[in-house]
Each structure stands twice: as C-alpha cells, then as structure tokens.
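The residues making up each chain are set out below.
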Amino acid sequence: MLNRTADNVARATPEPLARKVRGISDKGLAWLFISPTILLLLAINIFPLFWAIYLSFTNYRANRSNEVVKNLGFANYQRILGDQDVWIAMQTTAHFVFWTILLQTVIGFTLAWLIDRKFRGHAFWTTVILVPMMLSPAVVGNFWRFLYQPQTGLFNYLVAFFTGVPPSSFEMLGSVQLAPWAIIIVDTWMWTPYVMLICLAGLRSIPEYIYEAAEVDRASNWRQFWSITLPMALPFIMLAVLFRGIENFKMFDMVNLLTGGGPGSTTEVASITLKRQAFESWRTGYSSAFAIILFVAVFGLANIYVKALNKVKQR
Amino acid sequence: MSLTTAHSVVAPSAGSKRIAGAIIIAYALISIVPLLWIFATSFKTPPDSIAYPPKIVFQPSIEGYCNLFTTRTRQTPEYINSLGPATGFCDETVRKRNMVIAGPSNFLPRFLNSLIIAFGSTFCAVFLGTLSAYGFSRFKVPLADDLLFFILSTRFMPPIAVAIPIYLMYRELGLSDTALGMILLYTAVNVSLAVWLLKGFIDEIPREYEEAAMIDGYTRLQAFWRTVLPQATTGIAATAIFCLIFAWNEYAFAALLTSGTAQTAPPFIPTIIGEGGQDWPAVAAGTTIFLVPILVFTILLRKQLLRGITFGAVRK
C-alpha cells in the first residue's frame, strides 16, 4: 500500500511541486523523517515531565483543581526524603529487585548453558520456556491469585503434596512473611526466560577456536568454564541484569494485581506507593516530587544500560 | 558434573546431552503448568474450579465462557419454569443455576478496545519508527547519539510517574478515557522500540541498493520507497508484532487513564465477578481468549525474539 501511494505521489504531483520534492536535500529529508517522532515524544513525554517538575514544587491536588495552588519550594522533596513510608517502600523494592535478579540470573544462565548442549529438540523446548515472558504481567498476575488460594489453589496443593504441610496452613498472599516471596516467585517464573535467552546469545557468541586453543593447552573443563565461558558471556549477563533491574525497579502491574501492595504494605514497591499517593490520596504535588526522584534514579540506570548496550554491540 | 560445552573440540557426550535435555524439558513442563491450569479452569464449572483436591480430570463445560460474555440475574424456579424452552447451550447452563441471562457483558467491547488501541498505536509507531530509523541509519544527523538515547530513555520512565501529568493533560484536552488518547500514549511508548529495532534492520540493508537506484534516476524518496522498504519487510513485521504485544499487554496506563468506554481487556479481566467473589472459570476463559493471540505471535517471532527484547543490540 505504501508503495502505491509513493508511485501516485511521484506521477501525479504537478511539475513545480514535483521539482521541489525532488529537490529536498538529504539534510531536509533527514529532519522530515526524524522530527515527527521527536515532536510526539516531546508532546507525550517531555512536556508532561516538565509539568510534573512544576507540580512537584506545589501543593496541587488533582481532585481539587479549583483551589489556589501554593508554591512550596523544595518542601515536597524534603518531606519525601524524611518520610518513613517512602524508605520502607524503597527497601521493599530493593528486596524485590535483588532476589528476582539473583534467582533469574542463576536459573537463566544455568538453563542457557544446558540448552547450549544442543540436545535433540532443544529449539522446540526453548520456545516453550519462552512463553511466560510474552504474556501480560497483569492478566497473568491476576490468575496467580487463583493458584495461590490457601485451600484450593494449585500452588498450595502442590507444595502440600511434596512437603506434607497442610495446604490451608499457609497463605502466600495473606501472610506478611510469605507475600514478598509470592511476588518474587511469579516474577522469576515470568522473566527467567528473558535472562536465559540473552545468556544463550552470549554463550553462542564465544568463538569455537578459543575452546580449541584451550583444549590444545589441556585446560580442564572447569578452567575453561571460569576462564572462557563466564568472562566472555559476562557482558550479555550484565545486559540482562541491568534490563531486569530497571524493569523491576518500576514494577507495578503484576504486584498491583497480585497483592495490591498488601498485606498492609509488605509488598508495597515504589510504584504502588506512588499510585496510592497520586491516585488514591490525590496528593498530586507530593507524588510528582516522588515521581521525579524515581525518574532520576531510572535515568541513571538507563544511562549505564545504554553504555552496556553499545559495548555488547561492538562485539 | 561435566563442564564440557558445546563449543569444545570434544563435543558434549551423549550422556551429558541427555541429562541437559531432561532438565530443560522438566523446567519447560513445570513452567507451563500455570498456563495449562488457566486453560483447564476455563472449561470447569465454578464448583469444580475451587474443588479440593484440585481436579485434574473433570467434566468439561463452557459455563465459564457463557459467564464471560453475559450478565445474569438470579430468579425463582417458578419464574424460570414459566419461560419458554432455553435457546442455546448457555441459556440452558445458566438456568440450571437458577439464573437467566440479562444481557451481554462488557467483555466484548473491552476486547475490541484492546484490538483498536493495539493496532492503531502499532501502525503509528511503526510508521514513525520506520521514517526515523531510516533517517538515523542513512543520514548524518547532528547529535544522533544523544537523540537516540533520548528516544530510548523515554521507554524507561516508570509508567505511574508518566501517568500523573498525562492524567492532568488528558483531562484538559478531553482525551481521558478515549481510544485516541490511549493510541497516542502507546505510540509514544512504542516508537522508541520501533526506532531502535528498525535502525538495526535498516543498517543491515546495503546502501549500494539505494545508490544504484539513485544513479538510475530515482530520487532519494523513491529509492527509499522502492528499494529500502521492500527489503525491510521482515524487520518491519517483527517490529510491528513487538509493538502489538506491548500495547496488548499494557496495564498501568490503561488502568489509570481509562475507566469505561476506552477500557482495554487487561484492567477489565480482573474485575469479572460472579456471585460470592471472583468467577474463576469466567476469568480463566477471558484470560485464555486474551492470551491465545500472544502465543501465536510468540511462535511467529521466535527467531527475532532476542533482537526485540534487547532493542536490537543482540542480533543472533
């Protein structure tokens, strides 16, 4: 369809205009092609960002938009940094990010390393393993609530079956001790395939001749793993870790549907706190300041991420 | 434990291959149990779905699907008997529970919203992304690296943080709870992925093709339409599927910025409620219908998956 449109333009354009179109310099064309994207991002991302920065210095409340807006200076930022709840939320987030990344990296790398053995049917089973990460975290997170039901859920039943504890003796989502692990389990189930896929690319990028040389030098398999496999796959592992780190730092959908931050606030990661402040308490100014703080943190991480991307690309 | 890798001169022994295969197959089977359980639950009756011990063998029923697409009201047996014969299977199933179908549920409109918003935003993101990617790939753009970083960084913003000012902006512009608003928003989120992915694909197309076309008298624009676009079809299709999956799966923006007319399926499915709590077979039925397109796309995409999830950085 696009092709046809182009032909029509080329044939039907009146002469003077056609000459003009022909006359577009490469530089002009470059801007013509790139500017719509930049403009859209400016309108939908950057303009709102500046609005949020402005709001973060005020006491504005979105549910009382007729009230006079007062300028508070840095008071919102000061309050956030001194707010006990915010620090607890940051700790909850850190706990979630740390354990999900540790588990996903260890399991993901092991799976990749096993798949790299190229047993028969490995391509098919790799595709099967990849399925969970393509699904909607919200819709799947919602369904895990069913699997975690204390009396009738499949998860509790299977745990009970293999360990012998009664299935109604523990509530994955209702208990203060277990709820943080409930979300870690679901996230690990969903995203281990992601780490696996990137690690697999890393393992496959190692040229054969290095192993051949090591074999000639009679390096043991153990030595080959630590001196060749792991260091050469490391940039890829780092890439996966950074990406998962950023994604889980801003985790919202899966946790919101699984626990909603509860019980109490034991699984209240930063994004959930932000949503509660912004859309339930309607402290728009305050939550904008919190949002800006999160922006800066993610932006820092993203900066590192892009550097890592370019490093992997150079190989 | 043998640490021989597939790359070594000594190929992995048959035994180590077999062990690796067994572990991988076991992991794959365990990891799809939750999905099989969703599928199975969608064909259970509500009592079967919460039976203890969980039922692996059960009498299949499409009650979940009936409940997903309808709203029902409880009636007295006398009233139900006074009605004519049941029309269709759903009617019959529902009457056995002393209920009558009151009308269609909101699932179908929400599902259609998902389709419209996902396809609309994907088309826009891929269109803008193709143009930008070509621009970045073929021309010397000042500050190209900074612009590309800017484009990518917008993808990393926490959705809730973006949602606060977007909520206010959309309220001013009258875009709250409209498909247009959601399409614009998802386009902005997806365009970063589209630019990065497509730049990688277009970088791989040799410049010689266009140069030859331009020597033959094509303008730059014609060369772009006639030689670059046809060559980039695979890349464009893969990018489109990635954008589609993102928009299809997205929850945070949809939950905060839509409430009724433009609500998509992800925020709707968790709200499906029956008598006495969540109607799990109906939720499972909705989830199944919602997930099937993604399964199909995952299979179509499996060769490009790695590229898509790393913004084009890893290409094998």
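The model shown is predicted, which means the values in this text are computed figures rather than measured ones.

Describing the interface of chain A and chain B
A common measure of how large an interface is: the accessible area buried when the components associate.
Reasoning step 1: The interface of chain A with chain B comprises 93 residues on the first partner and 95 residues on the second.
Reasoning step 2: For the side of chain A that touches chain B, the element with the most residues is helix H3 (residues 26–55) of chain A, which contributes 15 residues.

Some details on the confidence of the model for chain A
Reasoning step 1: On average, residues of chain A score 85 in pLDDT, and 91% of them reach the 70 mark or higher.
Reasoning step 2: Considering only residues more than four positions removed or in separate chains, one finds that residues 1–20 of chain A, a stretch of pLDDT under 50, has ten contacts.

Some thoughts on the packing of H3(A) against helix H8 (residues 159–173) of chain B
Reasoning step 1: Packing of H3(A) against H8(B) leaves a shortest axis separation of 9 Å and a crossing angle of 100°. When the axis of H3(A) is compared with that of H8(B), the two are roughly perpendicular. Listed contacts from H8(B) to Pro48(A), Leu49(A), Trp51(A) and Ala52(A) of H3(A) are Val162(B), Ile164(B), Pro165(B), Ile166(B), Leu168(B) and Met169(B).

Some details on unusual backbone geometry
Reasoning step 1: With an omega dihedral of -5°, the bond running from Tyr52(B) to Pro53(B) counts as a cis peptide bond.
Reasoning step 2: With respect to the helices and strands, Pro53(B) occurs in the loop between helix H2 (46–49) and helix H3 (63–69).
Reasoning step 3: One non-glycine residue, Arg218(A), lies in positive phi territory at about 60°.
Reasoning step 4: Along the chain, Arg218(A) falls in the loop between helix H10 (208–216) and helix H11 (221–249).

Overview of helix H1 (residues 14–42) of chain B
Each full turn of the α-helix corresponds to 3.6 residues, which orients residues three or four apart in the same direction.
Reasoning step 1: With 29 residues, H1(B) should reach 42 Å at 1.5 Å per residue; the first-to-last C-alpha distance of 41 Å fits that figure.
Reasoning step 2: Where H1(B) bends most, at Val33(B), the angle is about 40°, and the proline Pro34(B) comes one to four residues later.
Reasoning step 3: Every buried residue of H1(B) is accounted for by Ala20(B), Ile24(B), Tyr27(B), Pro34(B), Ile38(B), Ala40(B), Thr41(B) and Ser42(B).
Reasoning step 4: The inward-facing, buried residues of H1(B) abut helix H5 (84–115), helix H6 (122–134) and helix H7 (137–147) of chain A together with H2, H3 and helix H15 (280–301) of chain B.

Things to note about the packing of helix H13 (residues 270–280) of chain A against H8(B)
Reasoning step 1: The interhelical angle for the contact between H13(A) and H8(B), taken along N-to-C directions, is 20°, at an axis separation of 9 Å. It follows from the interaxial angle that H13(A) and H8(B) lie roughly parallel. Between H13(A) and H8(B) lies a crossing whose hand is left-handed. Contact with H13(A), carried on its side by Ser271(A), Leu274(A), Lys275(A) and Ala278(A), involves Ile160(B), Ala161(B) and Ile164(B) of H8(B) and no other residues of that element.
Reasoning step 2: Here the residues of the contact of H13(A) with H8(B) are counted per class, giving five nonpolar, one polar and one charged.

Things to note about the domain arrangement of chain B
Residue and element names in this part refer to chain B.
Reasoning step 1: We note that the domain assignment places domain 1 (46–105) and domain 2 (108–309) within chain B.
Reasoning step 2: Each of domain 1 and domain 2 was reduced to a C-alpha centroid, and the two centroids are 38 Å apart.
Reasoning step 3: When contributions to the side of domain 1 that touches domain 2 are tallied by element, the ones reaching two or more residues are H2 and H3.
Reasoning step 4: No other element matches H3, which puts six residues into the side of domain 1 that touches domain 2.
Reasoning step 5: Residues that form the side of domain 1 that touches domain 2 fall into these classes: six nonpolar, three polar and one charged.

Thresholds applied
- Residues numbered from 1 in each chain as written.
- Chains lettered and ligands numbered in written order.
- Predicted model: local features only at pLDDT ≥ 70, side-chain atom pairs only at ≥ 80, totals over all residues.
- Contact = placed C-beta atoms within 7 Å.
- Helix = DSSP H or I, 4+ residues; strand = E, 2+ residues; numbered from the N terminus.
- pLDDT = per-residue confidence, 0-100.
- Axes fitted to C-alpha atoms, helices over the stretch in contact; angles between N-to-C directions.
- Parallel < 35°, antiparallel > 145°, perpendicular 65-115°, else oblique.
- Expected span 1.5 Å × (residues − 1).
- Bend = angle between axes of the 7 residues up to and from the residue.
- Buried ≥ 20, exposed ≤ 12 C-beta atoms within 10 Å, placed from the backbone.
- Left-handed = near helix turned anticlockwise from the far one by under 90°.
- Nonpolar A, V, L, I, M, F, W, Y, C, P; charged D, E, K, R; others polar.
- Domains from an automatic or database assignment.

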